[in-house]
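Inside the fold
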Amino acid sequence: MFPTQLATALGLKLSGMRTEKVIGIGGSPITAYFDLVTIDLGHDVVVQCEVGFASGMGLVKTGLLGQRGFFSAFKVCFDLPGRTFTIS
């Protein structure tokens, strides 16, 4: 899930996307816009997944990566004490 500002910056049109009401940390339902997006992570790693865009997520540089669609495509290791994670 990413801010709607990122979709706009990428030239994506929210009006053509599937919408769904979602509830996040704030507890109030908001409208999220979903579309299939190709993400190039570099080093010949490309993943295509459904991405949601919603208002009220703060700065354009923030986002939430999900288990279904993104992390499900990789082996993931979280190093909580080191505050890092690796994907392969």
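Criteria and cut-off values
- Residues numbered from 1 in each chain as written.
- Predicted model: local features only at pLDDT ≥ 70, side-chain atom pairs only at ≥ 80, totals over all residues.
- Heavy atoms only, no water.
- Helix = DSSP H or I, 4+ residues; strand = E, 2+ residues; numbered from the N terminus.
- Contact = heavy atoms within 4.5 Å.
- Salt bridge = Lys/Arg side-chain N within 4 Å of Asp/Glu carboxyl O.
- Buried < 20%, exposed > 50% of the residue type's maximum accessible area, 1.4 Å probe, protein only.
- Phe/Tyr/Trp six-rings, centres within 6.5 Å; stacked < 30°, edge-to-face > 60°.

All right, on to the side chain of Thr4 then. Considering the arrangement of structural elements, one finds Thr4 in helix 1 (residues 4–9). Ignoring anything within four residues of it in the chain, the contact list for Thr4 reads Leu14, Tyr33, Phe53, Ala54 and Ser55.

Across all of its chains, the model carries two salt bridges by this definition. With a closest N to O distance of 2.8 Å, Glu50 and Arg18 form a salt bridge. On the criterion of sequence distance, the pair formed by Glu50 in strand 4 (residues 45–54) and Arg18 in strand 2 (residues 18–23) is long-range, its members being 32 residues apart. Relative accessible area serves as the criterion here: at 44%, Glu50 is assigned to the partly exposed category. What emerges from the salt-bridge pattern is a single network uniting Arg18, Glu20 and Glu50.

This next bit is on the packing of aromatic side chains. For any pair of aromatic rings, geometry is given as the distance between the ring centres together with the angle between the planes. All chains considered together, the criterion is met by five aromatic pairs. With centroids separated by 5.4 Å and ring planes inclined at 50°, the aromatic side chains of Phe70 and Phe74 adopt a geometry described as tilted. Exposure remark for Phe70: the relative accessible area of 7% places this residue in the buried category. Phe74 sits in the buried class, given a relative accessible area of 17%. Where Phe71 meets Phe78, the ring centres are 5.9 Å apart and the plane angle is 70°; that geometry is what we call edge-to-face. An aromatic cluster is defined as three or more aromatic residues linked by ring pairs; in this entry it consists of Phe70, Phe71, Phe74, Phe78 and Phe85.

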